[in-house]
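These are the residues of each chain, in order.
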Amino acid sequence: MLGILVAGVVLAFVAVARGPVDADYFWHLRTGRLILESGLPASDPYSFTYDGPWVLHEWLGEVIIAGLVGSLGEAATLVLFGIVAASALAIPALALRDEAGQRARTAPTLIALTLAAVVLVSFVTMRPQVLSWLMLGILLAVLMRLDAERPRRSLVLLPLFIVWANLHGLYVVGLGIVAIYTLVTLAGATRMASARGWMTASAVASLLASMLTPAGPAGLLYPLRYLEPSDWGLANIQEWQSPDFHDPANLGLLVLLVGLIVAAARARPAWLRFVAAAGAALALLSVRNAPVLAVLALPALALGLDAVLPASRPVRASAQLPRRIMELGVAVLVIAVAGVLLLPRAATWSDTLRRSFPVAGADALERANPAAHVLAEYGWGGYLIGRSWDDGLRVFVDGRNDMYPDQLLADYSSLRAASDGWQELTDAYGVDAILVAPGAPIVEAAASDGWCEAYRDDVQVLLLPACDT
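Keep in mind that what you see is a predicted model, and the values were worked out from it rather than measured.

## Comments concerning empty space enclosed by the protein
One simple way to see leftover space: roll a probe sized like a water molecule over the atoms.
Line of reasoning, step 1. One pass over the full model with this rule turns up two cavities of 30 Å³ or more.
Line of reasoning, step 2. As for the second largest cavity, its lining consists of eleven residues, of which Trp27, Trp54, Val55, His57 and Glu58 are closest to the centre.
Line of reasoning, step 3. Residues belonging to the lining of the second largest cavity are distributed by class as follows: six nonpolar, one polar and four charged.

Below you can see the structure in the form of structure tokens.
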């Protein structure tokens, strides 16, 4: 329990220390506020390039973010999201300790929890996907506790998927996990084997429950776009790409995968191995799925390590109290060190924002043309939406890669690269401001075509058709 507590506190500290540096957070927050103000929008309100439908498959998660930030502030909401991320690991870990049929010792569980937390920690932020990790952890714990003596417990999957399908698109992964468990049950290899009818009915009901969203049955197919990103996404968005294990940032993921290969094959029951293998396949397909693997791998890895590691000597009753005191002391020390190292960074949020986003360029743009149609860096679109959409600013593209047509994204790349015909594209789309990194090829090309620099620093360059302000 102490290990789980430490993991929760450290993940909360990390979230606060990093601050709101995820560009998608800003448009999620703005969307949540928009929904609370005027209901679900039927079409995209943020860009000037796309006039098609927008499926809000994570509207409930955005409303939760907007409500928490509005009532508690960003710092407290970050703490909560760090705790939520830790809970996504803690819930299946606790299920391992409490369920006699699938029990792992403390040491293997803590090793698995630590490896999973190392993978998860760099992804913790204020986005609906964090809520989805929690739902994934709850789903695993529910399935681990099912047995044929109490088959009606499987019906808890219905409300779980009704909520999850409105929180975030990762519920389709949850449906896949339920399908794996059901198939293994039909093969007679889970504790629900003698209640196959109940499990099959619950699986079908979960699928139907997932359609209870504003999009209806059609919304069930939309999240599948995340499993097969477009060619543009694979080429331009790092989180859509397969992990590069030469990058030290992916070392934790590599260690987790090696741990699964070495130990998880010994895990029982078999369905947990299949779930971990599915998580590994998703993580190898795309870096953004690494947190999914962290949650899905934890039970199988803990049980596999429990089977591989030698049994420890029983602790005498007289030695248990000193041991508990020592464990508590170590936990307090880890939490204290994490706080000393990480929390002071919360005071530098404004500096972090200025290094990560075009704060000064957006200031200059507000003075020159607050309702501009801006060709901005793909990763800056969300920040500009959150900051200036209310003033009339509209972006070319932003982080909603799943919504934009491939041709539009290709045109964005052509403009940024100043490819042949880029001037015609700016005219066709009605671009009246350009806000990009100094190294973007369009900076030099636009300057030679009559655009002028309204602002420049090491982070950004703002280009306008005329600098008369």
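Moving on, there is more to tell.
## Here we look at the pairing of strand β3 (residues 433-436)
Line of reasoning, step 1. Side chains of β3 alternate between two faces, with Ala433 and Leu435 and Ile434 and Val436 buried alike.
Line of reasoning, step 2. In terms of strand pairing, strand β1 (residues 373-376) meets β3 through three bridges, oriented parallel. Across the sheet, Ala376 pairs through a bridge with Leu435, a residue of β3.
Line of reasoning, step 3. In this sheet, strand β5 (residues 461-464) lies alongside β3 in antiparallel orientation, the contact comprising three bridges.

## Notes on the sheet that holds β5
Line of reasoning, step 1. Overall, mixed pairing links the five strands, which are arranged β2-β1-β3-β5-β4 in an open sheet. Single-partner strands in this sheet number two, and they are β2 (394-395) and β4 (452-456).
Line of reasoning, step 2. Alignment of β1 against β2, held across two bridges, turns out to be parallel. Each bridged residue has a counterpart across the sheet, and for His373 the counterpart in β2 is Arg394.
Line of reasoning, step 3. In the packing of helix α17 (residues 359-368) onto the sheet, contacts are made with β1, β3, β4 and β5, and the angle to β5 comes to roughly 20 degrees.

## Some details on the pattern of salt bridges
Pairing is possible between side chains that carry opposite charge, provided their charged atoms lie close to one another.
Line of reasoning, step 1. For the structure on display, the rule yields eleven salt bridges.
Line of reasoning, step 2. Between Asp44 and Arg400 there is a salt bridge whose closest N-O contact spans 2.7 Å. Linking Asp44 in the loop between α2 (23-38) and α3 (59-72) with Arg400 in the loop between β2 and α19 (406-416), this pair joins segments that are 356 residues apart in sequence.
Line of reasoning, step 3. Taking relative accessible area as the criterion, Asp44 reaches 8% and is therefore assigned buried.
Line of reasoning, step 4. Using a relative accessible area of 1% as the deciding quantity, one classes Arg400 as buried.
Line of reasoning, step 5. As a salt-bridge pair, Arg456 and Glu453 come within 2.7 Å of each other at their nearest N and O atoms.
Line of reasoning, step 6. Residue class for Glu453 comes out partly exposed when judged on its relative accessible area of 37%.
Line of reasoning, step 7. The structure contains a network of salt bridges with shared partners spanning Asp22, Asp24 and Arg127.

The rules behind each value
- Residues numbered from 1 in each chain as written.
- Predicted model: local features only at pLDDT ≥ 70, side-chain atom pairs only at ≥ 80, totals over all residues.
- Heavy atoms only, no water.
- 1 Å grid on protein atoms, 1.4 Å probe; cavity = no way out; pocket = protein on both sides within 12 Å on 5 of 7 lines; lining within 4 Å.
- Points joined across faces, edges and corners; volume = space filled by probe spheres on them.
- Nonpolar A, V, L, I, M, F, W, Y, C, P; charged D, E, K, R; others polar.
- Buried < 20%, exposed > 50% of the residue type's maximum accessible area, 1.4 Å probe, protein only.
- Helix = DSSP H or I, 4+ residues; strand = E, 2+ residues; numbered from the N terminus.
- Pairing = 2+ DSSP bridges.
- Contact = heavy atoms within 4.5 Å.
- Axes fitted to C-alpha atoms, helices over the stretch in contact; angles between N-to-C directions.
- Salt bridge = Lys/Arg side-chain N within 4 Å of Asp/Glu carboxyl O.

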